[in-house]
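Observations on the three-dimensional arrangement
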Amino acid sequence: FSSTLFPVPKRPAIVSAVASFFSTTMAPSAPENASHNAALLSSSGVGGDVSSAAQKSRVTIIGSGNWGSVASKLIASNTIKLASFHDEVRMWVFEEKLPSGEKLTEVINRTNENVKYLPGIKLGKNVVADPDLENAVRDANMLVFVTPHQFMEGICKRLVGKVKEGSQAISLIKGMEVKMEGPCMISSLISEQLGVNCCVLMGANIANEIAVEKFSEATVGYRENREIAEKWVQLFNTPYFMVTAVQDVEGVELCGTLKNVVALAAGFVDGLEMGNNTKAAIMRIGLREMRAFSKILFPTVKDNTFFESCGVADLITTCLGGRNRRVAEAFAKSGGKRSFDELEAEMLQGQKLQGVSTAREVYEVLSNRGWLELFPLFAAVHEISSGRLPPSAIVEYGEHKPNFSAVEGAAQYFSS
Ligand SMILES: NC(=O)c1ccc[n+]([C@@H]2O[C@H](COP(=O)([O-])OP(=O)(O)OC[C@H]3O[C@@H](n4cnc5c(N)ncnc54)[C@H](O)[C@@H]3O)[C@@H](O)[C@H]2O)c1
Ligand SMILES: O=P(O)(O)OC[C@H](O)CO
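About the criteria used
Residues numbered from 1 in each chain as written. Chains lettered and ligands numbered in written order. Predicted model: local features only at pLDDT ≥ 70, side-chain atom pairs only at ≥ 80, totals over all residues. Heavy atoms only, no water. Near = heavy atom within 4 Å. Polar contact = N/O pair within 3.5 Å; in protein donor to acceptor, adjacent residues only side chain to side chain. Areas by Shrake-Rupley, 256 points an atom, 1.4 Å probe, with all protein chains shown as cover. 1 Å grid on protein atoms, 1.4 Å probe; cavity = no way out; pocket = protein on both sides within 12 Å on 5 of 7 lines; lining within 4 Å. Sits in = over half its atoms within 2 Å of the grid points. Helix = DSSP H or I, 4+ residues; strand = E, 2+ residues; numbered from the N terminus. Nonpolar A, V, L, I, M, F, W, Y, C, P; charged D, E, K, R; others polar. Domains from an automatic or database assignment. Contact = heavy atoms within 4.5 Å. Phe/Tyr/Trp six-rings, centres within 6.5 Å; stacked < 30°, edge-to-face > 60°. Buried < 20%, exposed > 50% of the residue type's maximum accessible area, 1.4 Å probe, protein only. Lys NZ or Arg CZ within 6 Å of the ring centre and 35° of its normal.

**Looking at the site of ligand 2**
The full set of residues close to ligand 2 is Lys 174, Gly 203, Ala 204, Asn 205, Ile 206, Lys 259, Asp 314, Thr 318, Gly 322, Arg 323 and Asn 324. At a separation of 2.6 Å, an oxygen atom of ligand 2 approaches a polar side-chain atom of Asp 314. In the model, an oxygen atom of ligand 2 is placed 2.8 Å from a nitrogen or oxygen of the Asn 324 side chain. If ligand 2 stood free it would expose 310 Å²; the protein chains cover 92% of that surface. According to the grid-proximity analysis, the pocket containing ligand 2 is the largest pocket. Looking at the shell around ligand 2, the elements with two or more residues in it are helix H12 (309–321) and helix H13 (323–333). Tallied by class, residues from the shell around ligand 2 come to 2 nonpolar, 5 polar and 4 charged. Both domain 1 (13–247) and domain 2 (251–414) contribute no fewer than three residues apiece to the shell around ligand 2.

**Points about the side chain of Ser 216**
Assignment of secondary structure puts Ser 216 in strand E11 (residues 216–221). Residue contacts for Ser 216: discarding those within four places in its chain leaves Ala 204, Asn 205, Ile 210, Tyr 240, Phe 241 and Met 242.

**A closer look at the packing of aromatic side chains**
Tallied over the entire structure, the rule returns 10 aromatic pairs. Measuring from ring centre to ring centre gives 5.6 Å for Phe 375 and Phe 414, while their planes differ by 45 degrees; the resulting arrangement is tilted. Remark: Phe 414 occurs in helix H17 (residues 411–414) and Phe 375 occurs in the loop between helix H15 (355–369) and helix H16 (376–385); sequence separation between them is 39 residues. For the pair shown, Phe 375 and Phe 414 are each scored as buried. Three or more aromatic residues joined by ring pairs form one cluster here, namely Phe 293, Phe 375, Phe 378, Phe 404 and Phe 414. Against the face of Phe 85 rests Lys 231, its NZ or CZ located 4.8 Å from the ring centre.

Here's what the structure looks like:
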């Protein structure tokens, strides 16, 4: 962690001040801090071990792409320090052959690097890559899900009955499924299919920046059990990755999911060279639709969540530097003539976009419920990315004013 603004190991003054100002409801309680420190001391050889082997938590990461690999680095740096976790972090890898003919898993275990999805970064010697999904989860009681969302239904099906009883899960996945009965968030899919409680972790987290230890923040969303949320915070938090917890799973997850749709809109604007004011306008309109969509679907979603890292901060970073924005810019530059699939394969080399399928899924929800006129920006993004409208429609489409008369009582969800 080399930033001169934020020297290590001391917490930067501004960050500490901001953290204590905003996180009074989120800071670990004193006894938790005490045991956390005792754990740190014991792992550094000072003091006795506070956790017996039987009590220690065992972590498995399901996914090993760009963010999955960075998550493994963050987690592995903590499990070796904290006595309440087993050192080893198992990482399920969707096996593939590299151009050299070697298997990705074997190369990760030999070099300690994910040479395809995160080249040049050591993951930690305690990370073990495992191509066998069932074997990878067998002994774990803390499961971290971080694959592109389109693969999760299949992964969950394979894991039914294979997960240890009493396990806890967290999803870092930005996306959702649409079922006959309506939208299904990935954390719900995991909970329902595997019978485990599932928190979420989202935030302004471009993986490559965190990989080189540049300071950023993230938000854990939890449902009821604060102690479990704090355990996840402990597992992820580092001096350069500051994690806070809020009691709003759906709000946090919808922020992470929907910002990818707005990122496509921002990319179209960039490709059309419309300038910063237009892009800022699109981001503002997008944020409004994100909040309204979340609150109509889940009335418990909290306004404050949109001011956490998972909300406005993730929207900003994604619309400035994310993959969805970058590929959408190339799409608009081609006048919509090159498909997203083609551009994704060419520009991302195996990494996956979430925005295009999320825009389609959101559109499906909107048209099923008769809400298309309420969410003109979301609707336009799907119509452009599916080739039904030209990229320029992003700034022509009814000026993105929602038609409140389309749905009774809808105006309240858009008001400040
Ligand atoms: N990369 C980031 O900066 C970032 C940051 C925050 C959140 N996220 C989110 O994390 C999630 C995972 O993204 P990522 O960046 O780690 O992945 P990625 O896009 O870098 O990599 C794609 C991954 O999918 C795997 N894969 C390919 N085919 C598969 C199949 N049939 N079944 C299962 N897996 C398959 C590949 O092996 C690879 O691990 C996404 O929801 C993303 O939005 C990403
Ligand atoms: O690169 P993107 O567009 O998938 O976005 C990455 C992260 O979600 C940013 O927080």
